[in-house]
Structures are given as C-alpha cells and as structure tokens.
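Commentary on secondary and tertiary structure
Given next are the chains, with one letter for each unit.
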Amino acid sequence: AGCATPARGFAPRARRPPRPSTSRGGRFPRGTRAARGPSAFVAGAFEAEDVFDADVSVAGEDARDAEAGAVSFAAFCATALEMTDADVAKVLDRVPKLKGYDVDRVLAPKVDLLALELGAGARALRAAVKRDPRLLTVSLLRLRATARWVEAECGVGQKSVGAVLCKQPSLAWLGVETTLGPAVAFLRDEIGVPAESLAAVAAKNPSILAMSVSNLREKRDFFVNVFADAPESSGAFSVGPLETANGVFRKNPQMFALSVKNSIVPKLQFFANELGLGASGAALLVTKSPAILHLSLERNIKPTTTFLVTELCLGRERAAKLVMSRPTVLAYSIDQKLRPTVAYLTHSFFPTCDAYDAAMCTTYSLKGRIVPRVRALKSKGLMATAFKDPAFKVTYVMCASDARFCAMAEMEREKYDELVKQAKEDPDAGRIGWLTDGRRDENERNDETSARDKKKRKRRRGGRRAVGVQGVADVRGVDAGGGAGDGGACVA
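First things first, this report covers the structure right here in the doc. What you see is a predicted model; the values in this text were computed from it and never measured.

Reading guide: rules and limits
Residues numbered from 1 in each chain as written. Predicted model: local features only at pLDDT ≥ 70, side-chain atom pairs only at ≥ 80, totals over all residues. Heavy atoms only, no water. Helix = DSSP H or I, 4+ residues; strand = E, 2+ residues; numbered from the N terminus. Buried < 20%, exposed > 50% of the residue type's maximum accessible area, 1.4 Å probe, protein only. Contact = heavy atoms within 4.5 Å. Areas by Shrake-Rupley, 256 points an atom, 1.4 Å probe, with all protein chains shown as cover. Lys, Arg positive; Asp, Glu negative; His and termini not counted. Salt bridge = Lys/Arg side-chain N within 4 Å of Asp/Glu carboxyl O. Core = buried A, V, L, I, M, F, W, Y, C linked by side-chain atoms within 4.5 Å. Disulfide = S-S within 2.5 Å. Phe/Tyr/Trp six-rings, centres within 6.5 Å; stacked < 30°, edge-to-face > 60°. Lys NZ or Arg CZ within 6 Å of the ring centre and 35° of its normal.

1. Some thoughts on the overall build of the protein
When you go through the protein residue by residue, the secondary structure sums to 26 helices and zero strands. Evaluated residue by residue, the protein yields a buried proportion of 43% over its 492 residues. Summarising the internal contacts of the protein: among those between residues at least 6 apart in sequence, 74% fall at separations of at least 24. Carbon and sulfur atoms make up 52% of the accessible area of the protein, which totals about 25,400 Å².

2. With respect to the side chain of D357
By the element assignment, D357 lies in helix α18 (residues 355-360). Despite its burial, D357 remains without a salt bridge, the nearest opposite charge being carried by K393 at 4.2 Å. Residues in contact with D357, not counting those within four places in the same chain, are T352, K393, V394 and T395.

3. Observations concerning the environment of P372
Relative to the assigned elements, P372 resides in helix α19 (residues 366-379). Judged by its relative accessible area of 0%, P372 falls in the buried class. For the pair P372 and K421, spaced 49 residues apart in sequence, the C-alpha separation works out to 8.6 Å. Excluding anything up to four places from it in sequence, P372 contacts L366, K367, Y416, L419, V420 and A423.

4. Remarks on helix α12 (residues 241-251)
Within α12, the full set of buried residues consists of T244, A245, N246, V248 and F249. The inward-facing, buried residues of α12 abut α9 (176-191), α11 (213-228) and α14 (278-288).

5. Details of the nonpolar core
Within soluble globular proteins, side chains that are nonpolar tend to cluster in buried spots. One finds F271 and M398 to be the most contacted residues of the largest nonpolar core, which totals 135 residues. No other element matches helix α5 (residues 103-117), which puts eight residues into this core. In contact with M398, not counting residues within four places along its chain, are L345, F349, C361, Y364, R369, I370, R373 and V374.

6. So, helix α8 (residues 158-167)
Within α8 the residues assigned to the buried category are V161, G162, V164, L165 and C166. Turning to α8, the residues buried within the fold contact α5, α6 (122-131), α7 (140-154) and α10 (195-204).

7. With respect to unusual backbone geometry
For residues that are not glycine, phi is negative in most cases, and the peptide bond is trans in most cases. Positive phi, close to 55°, is recorded for E82, a residue that is not glycine. On the basis of relative accessibility, which here comes to 27%, the residue E82 falls in the partly exposed class. The backbone of E410 shows a phi angle near 55°, a positive value even though the residue is not glycine. Residue classification places E410 among the exposed residues on the basis of a relative accessible area of 66%.

8. Description of the state of the cysteines
Such a bond, covalent and formed between the sulfur atoms of two cysteines, is termed a disulfide. Tallying each qualifying case throughout the model produces zero disulfides. Free cysteine C399: the closest other cysteine sulfur is in C361, separated by 5.8 Å.

9. As for the packing of aromatic side chains
Taken as a whole and judged by the stated rule, the model has seven aromatic pairs. Pairing F249 with F256 gives two aromatic rings, centres 4.1 Å apart and planes at 20°, and the pair type is stacked. Aromatic side chains F270 and F271 sit 6.2 Å apart centroid to centroid with 70° between the ring planes, which places their arrangement in the edge-to-face category. We classify F271 as buried; its relative accessible area is 0%. Over the ring of Y332 we find K337, and its NZ or CZ is 5.3 Å from the ring centre.

The structure is reproduced here in structure tokens:
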C-alpha cells in the first residue's frame, strides 16, 4: 500500500509487470499487433485525425489513482526512457503540460508504438524527446497514421519508421496535403527520384520531407544556374542545365538537406578559386561526385588539398587534376589512408612510382589489394620488370581485375586469394620496413639504429635519476613524483 503504480511503456532494463488482456484505451488485445495489409494510404483520413491529444490529464475517474500514487511523468521517463532528472526538467521547461499527462493511458502506448512496434529503440526515442518533446503530445491515432504514410508513400519498412519519426518529429504533425505529399511528389515526379532512393532519403534525411516545395525547387534552380554557365560541349552538360541538375539530385537526393548559402556555395568557391578548377570545373566535379558536397570544408576538403599540394609536392595544377579524376580522395583520412598508402607504393615501386600515381591508387584497399599484389610480384621476381615494363606500371597493376592481374603475374587464382587473406590478417601489412634490396646503404642503416639505441639508453638513465631526487625535491623545486612517473613511462 502507498507504493506508486509501476509505469507501463518501453523499459529496456526493467521487467514489465503482467498486463491485462485488453487496454483501457480501446486498443487491440495485448500481445497482438494490428494486421497490416498492402499499403493503401488515404490522405483524407490522415488529415481527419486529431493531431494532438485532447483529454490527457489524470482527472475524473483517474483522480483516485493519482491520490494512491499514480506514476509521474518524471518517474516514467526515468524508467522507460532512462532520462536523467536534468533531462526531464528541460523537457518540462519546453512543454510544461506533459507533467499532467496520464502515463498509463496516454504516454505508455505511444512509447510502445515508437520504440517497439516501429523499431525506434530507447536511445533514439530518448534523443527525440529531448530534442523536441512535442512528439509525446501527438495523439496515438495521428502517430499511427503518420507511420502508415511513411511506410506506404516512402517505402520505409515498418521497423524503420520509428527511427524516421525520431529523427524528424515534425513529420507527425505536418499536413500530408500541404507539406509531406507535395514534397514527395516533387522528388518522385519532377526530379525522378526512384523508389529505393526515396526510402533512403526518408531514412537518412527525413528533414527533406518536411521542406516546402518552393524550398526544394529553389535549391534545384540554384544548380540549374550553376550548370547553365558550364560549356555545353562537355558531355556532362549536353542534356541541358535543368536535366543535369535533376540528374545530380537523382544521384544524391540528400543534397536537398544542405544549405546553399552556408555549405554549397563556399565549397564551390573553394574548388573554383583555391583548387583552381574554375567555375566550369567545379560544376563538372559536382556532376561526377555530388557526395563531395557533404564533406566538411574545414575538416576534409582543405586539409586534404593542402596535403596533396604541399606534402606530396604535387602543386595546385596536379592536385586539381587528381581531385577531378578521383574525387573520393577528399573523403579519405590523411593519417589512416592517404599517407600510409602513398608511402607504401612509392617505396615498393621506387623509382617508377611517384606521389601522383600513388595517390591515384588510394581508392583501393591497402590490405585488400595493394599489399597482396606487391607481395605477388615480389614472389614471382617481377618487381624489376615493373621498373622498366610500362605494362607493369603501378596504376595498371592496381586497376586490373583479379583475373587480369593473375594472368599478368602468371599466378594461380587460389594462390592470389591466399595472399589477400594473409594480408588482411597481418597487422604489419602495409607498414614500411627496412629496404634490403640495395636502395638503402647498410652503413647508414646501422648508424641510425645505433643512434636510436643511444636515445633509449639516455631516456632510461633520465628515469633512474628522477627516482633518486625524491629527497631533495623540496630544495630544488622539482616534482619528484612526476619525474619518477615520467621516467618510468619512458622505460616502459
């Protein structure tokens, strides 16, 4: 007696109490789900649904439950969504009326629907409620109607609809005839986005479905103007600027989620001016790889360009040629992908492979293709041939299909597949060791090894001296504990 009624709803770490066979709200029997036939959505029925809850408070016949200790909104959020007290306070700050909601009758069924039936999960639902608490004020009927619409019109699977609504909660209260329907019609009919791409748009960037048609058309028209200034002699623009723009958005409809002013324009200006492609070259680059506009200008595009121009000494002209040929280079990590691959190739194929050729091959896997093929050539004694035979140029060797390469190297396919497997399992694959084929002087190598050993011994002596100064640390102003720790770290 006096204990609060346990909250219903999705609770990932708590065991549910037994449920009655049917719900008080007139839902279908517990333990069953509504039968879903083929998607047949009626817009009129969608618009007829009440968007937000009407009678949601704990009042009337529920008053006795409240006096007996009904579950509070804060307790429900802590149990079902694993929210902290601070998170709940921020939610109630934005939507105060949620504090008076009937948890068992109103909130728990919505959490069940989104987290379980529609597959959102606790983490996504918690993030959605923190970002926009109005999601919990939308009526259960409206949530179901929106889920049916996303499934029927966008082709999203039932277990993925919950994630879509959590990413863009406003879909639950926007009108299908005024916003959602026209946006989908524009993408499907004017742009020509195929069904599978439309499902990807809804899953990855559902905010696009909430945009007005005028906003979508304005972004498309921006690229129409960009492509209108490009030379028509180029094959990429031969179909005209409008169809070229539509083709770019068909290839990457997620571009609608980018801001023209803050994201697209600065990148086009960088490609045209800093990289030296010019306006037409920047436009051509976008037609070849629209996805590069999703890259960060400060974290990806600029550092990679600097790496190509400065560290690899390609210069702006050759760097621009490389980016135009291999746009995906801009998306690769410099430390984890570009620098190790270029270093390995230039050393393995020295002196015929320069930095430009090596950078062209960074689109291939280091352990999945490059290392196995280098090892295959070495095992067959063909590295010397690669130095003088144009047919064994590094770009040809790496671009060739597996069957073609095996024929070039006169190697059985099973043996090559075994080399690939060994390289993928070898933690040292792709690392550059000492060159032992005469390209590095033996005395120079011994001198460098000796110098490195001397540095290690010096660090060890420094560590031991640091341990011995503990007694006079207060006189010399030395933190003996810190010195000893640093010395120990060096020895280890």
